[in-house]
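# Analysis of the macromolecular model
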Amino acid sequence: MLALLVVAGATGLHVAWTVLGVGGPRGTQAFTDLAELAGALAAAVACALRAGRERGGDRLGWGLLAGASLSWAAGEAIWSVFELGLGREVPFPSLADVGFLGTAPLAVAGVLALSPGSAAPKVRAAVDGVIVAGSLLFVSWALLLGPLYREAGTGVLERAIGLAYPASDIALASAALLVAARLRRSRPALGFVIAGLLALAVADSGFAYLTVNGAYSNGSITDAGWLAGFLLIAAGAAAPPTRSEAVAARAGREILIPYLPVAMAVAAAVAGGPRMVADGVLFWSGVAVVALVLGRQVLALVENGRLTRELEGRAADLERANAELRSADEVKTSFLAIASHELRTPLTSIVGFATTMRIHWERIGDEEKLREVEAIERQARRLSRLAGDLLTMSCIEAGALEVRPDSFEASQAIRHALGELGPQVEAVRVICPAGLRVVADRDHVQQMLVNYLGNALKYGRRPITIEARAEDEWVELRVRDCGPGVPEDFRPRLFQRFAQAGTDTTRRGEGTGLGLSIVRGLARAQRGDAWYEPNEPFGACFAVRLPRARERSRAPTAPAGVACGVAAEAGCGAGAEAAGASAERPGTLTA
């Protein structure tokens, strides 16, 4: 509001001074020249300062507007030198016209750079601006400029420059109207600029008309339009940026605006009849407008295709997001079902055994008490494993898993993993070369092996084999069994969370379905990986790859097929029984 008051006050003072003729013709002339020069310089400084605070397209836009204002100020300075300094009439044409005419292209480019929207709509807006300008030039030439040009007695250069002014005004007005049509809500800064450009266009048009008719004199009331225009541009540059500046286009108005001047040009052409073809300016400007309209339609088709592709991409993204949400909901449901089952079963056992011991404490013997305490302990350990799996899985998914890499022999991790299996260790055979070392978190490697072995013992068949071998910079640990293996259609989901939920294969034993997903998460945290492959001729093979440690010294290598005094690798079937018969102590390791 304050900016509008300042602009109105300065413009009103300019009009009053001009009408009243304060100071006589000489004083009025000096006042109007200096006031307009000061207004243009104020706009140039304000736009330059705004450009320094902006980024990207807005910085370019304000910079171009600063250049436009400075170009007009240079023209006005030359004009003032002739009128005020030399005391003579400004020649036409002169260097002042270069400055004045240089304002329009810079201002048009600047306001288009400030207009909202992406790059593609801005290109179309620029084409729209040329269509509007060409159509208005066609109409102006047919109705006013053509007759004046032909009747003027000046030379070709003078007439060309005289026509350049209204052409510039048409370009300014077209750009201002197009940008105004793209605004959906109030945008103070750009609104001031648009109003300023329209004021400049009106003032220039008045100047051109009066000049062609030989009626222009300095101090004309039309000069107030230049002062008002540049002050409005300066007010726009000084306006604080607001969130409402990030707005979209009003599609309806933006589409219609270019076609209104085209319709006017068509009406003028129809009214003019055959003479329109004979006039070179009208003919070629009409051809240019038609070509631009066709080009605009091509741009519209290209933009519509891009928008269609974007919509299809967003629809696909939404569908994927919906699928992920459905999957997450299924995972949540599976987790609740499995967790409730896995928690309820051991808790029921613990409560049952504890209740039995409490009620019948005096009547049961020590051996039975010991068995029930051991049962309570087993179920408590089961609960502890479940809690540990859930915590580990949570850390893996949150990226908060703590890894403490260390160099140790693979045989040590295998030994500790076998130690956690209890009596079931007798079902496992081990093949591990002496001195084979890995670099990983020791506890994580043991947990991976325990999960693999537990999976093989639960779903596979004997014999079960652990094999460790070196592969270049890696150590691969494989757990094989001779069971039915994993169905091919289930393999893609094998390492997913709760993969066993709802499958026929997995409900043969207890478990949460987290074991294999934990193995893969732990392996990748060590810069390795985990995967499944069929065991030939039948069975399952679960593998994990871990970084290999550099050998400190060359340790003696065990004979092929024998590792650290344990059984040779067993196959599946009759051959496995023979291999098992030759084993020293299945499931054990010696240093």
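These figures come from a predicted structure and were not determined experimentally.

### Points about the sheet that holds strand β2 (residues 428–431)
- An order of β2-β4-β5-β7-β6 is seen for the five strands of this open sheet, with the pairing classed as mixed. Every other strand in the sheet has two partners, leaving β2 and β6 (529–534) as the edge strands with one partner each. Neighbour-to-neighbour, the strand axes of the sheet open up by a mean angle of 20°, direction not taken into account.
- Together, β2, β4 (464–471), β5 (474–481), β6 and β7 (540–547) form the strand contacts of helix α16 (residues 442–459), whose direction differs from that of β7 by roughly 175°.

### Examining the pattern of salt bridges
- Counting across every chain of the model gives 15 salt bridges.
- For R326, the salt bridge is made with E319, and the minimal N-O distance between the two is 3.4 Å.
- You can call E319 partly exposed: its relative accessible area is 46%.
- Across the salt bridge formed by R478 and E533, the nearest N and O atoms sit 2.4 Å from each other. In this pair, R478 sits in strand β5 while E533 sits in strand β6, placing the two residues 55 residues apart along the sequence.
- For R478, a relative accessible area of 6% puts it in the buried group.
- The network of salt bridges with common partners includes E467, R469, E471 and R480.

### Observations regarding the packing of helix α1 (residues 2–20) against helix α9 (residues 224–238)
- Their axes nearest at 9 Å, the elements α1 and α9 cross at an angle of 165°. By the angle class used here, α1 and α9 are roughly antiparallel. In this structure, α1 crosses over α9, and the sense of that crossing is right-handed. For the pair α1 and α9, contact is made by A3, L4, V7, A10, T11, H14 and V15 and by A224, L227, A228, L231, L232 and A235, respectively.
- Residues that form the contact of α1 with α9 fall into these classes: eleven nonpolar, two polar and no charged.

### Considerations on the nonpolar core
- With 46 residues, the main nonpolar core has W62, L172 and L197 as its most contacted residues.
- Counting only elements with at least two residues in this core, the list comes to α2 (24–53), α3 (56–85), α4 (95–101), α5 (103–114), α7 (156–181), α8 (188–212) and α9.
- Here this core takes nine residues from α8, the largest share from any one element.
- In this view, L172 contacts A104, A107, V108, L197, L200, A201 and D204; residues no more than four positions away in its chain are not counted.
- Membership of the second largest hydrophobic core comes to 45 residues, among which are M448, V450, V479 and A540.

### Concerning α5
- The end-to-end C-alpha distance of α5 is 17 Å, a good match for the 16 Å that twelve residues give at a rise of 1.5 Å each.
- For α5, the set of buried residues is T103, A104, A107, V108, G110, V111, L112, A113 and L114.

### Structural notes on the environment of L401
- Structurally, L401 can be placed in the loop between α14 (366–398) and β1 (405–409).
- Sequence separation of L401 and A525 is 124 residues, and the distance between their C-alpha atoms is 7.8 Å.
- Excluding residues within four positions of it along the chain, L401 makes contact with C395, I396, H444, L522 and A525.

### Some remarks on the packing of aromatic side chains
- Applying the stated criterion across every chain, the model contains six aromatic pairs.
- With a centroid separation of 5.0 Å and 50° between ring planes, the pair formed by W72 and F230 is classed as tilted. Of this pair, W72 sits in helix α3 while F230 sits in helix α9, and the two are 158 residues apart along the sequence.
- Overall, W72 belongs to the buried group, its relative accessible area being 3%.

### Considerations on the side chain of K369
- Along the chain, the position of K369 falls in helix α14.
- The charged side chain of K369 is buried without a salt bridge, its nearest counter-charge being D366 at 4.3 Å.
- A polar side-chain atom of K369 sits 3.3 Å from the main-chain carbonyl oxygen of W361.
- Sequence-distant contacts of K369, defined by excluding residues within four places in its chain, comprise M357, W361 and I364.

What counts and what doesn't
- Residues numbered from 1 in each chain as written.
- Predicted model: local features only at pLDDT ≥ 70, side-chain atom pairs only at ≥ 80, totals over all residues.
- Heavy atoms only, no water.
- Pairing = 2+ DSSP bridges.
- Helix = DSSP H or I, 4+ residues; strand = E, 2+ residues; numbered from the N terminus.
- Axes fitted to C-alpha atoms, helices over the stretch in contact; angles between N-to-C directions.
- Contact = heavy atoms within 4.5 Å.
- Salt bridge = Lys/Arg side-chain N within 4 Å of Asp/Glu carboxyl O.
- Buried < 20%, exposed > 50% of the residue type's maximum accessible area, 1.4 Å probe, protein only.
- Parallel < 35°, antiparallel > 145°, perpendicular 65-115°, else oblique.
- Left-handed = near helix turned anticlockwise from the far one by under 90°.
- Nonpolar A, V, L, I, M, F, W, Y, C, P; charged D, E, K, R; others polar.
- Core = buried A, V, L, I, M, F, W, Y, C linked by side-chain atoms within 4.5 Å.
- Expected span 1.5 Å × (residues − 1).
- Phe/Tyr/Trp six-rings, centres within 6.5 Å; stacked < 30°, edge-to-face > 60°.
- Lys, Arg positive; Asp, Glu negative; His and termini not counted.
- Polar contact = N/O pair within 3.5 Å; in protein donor to acceptor, adjacent residues only side chain to side chain.

Without other data, these values stay purely geometric and don't point to any function.
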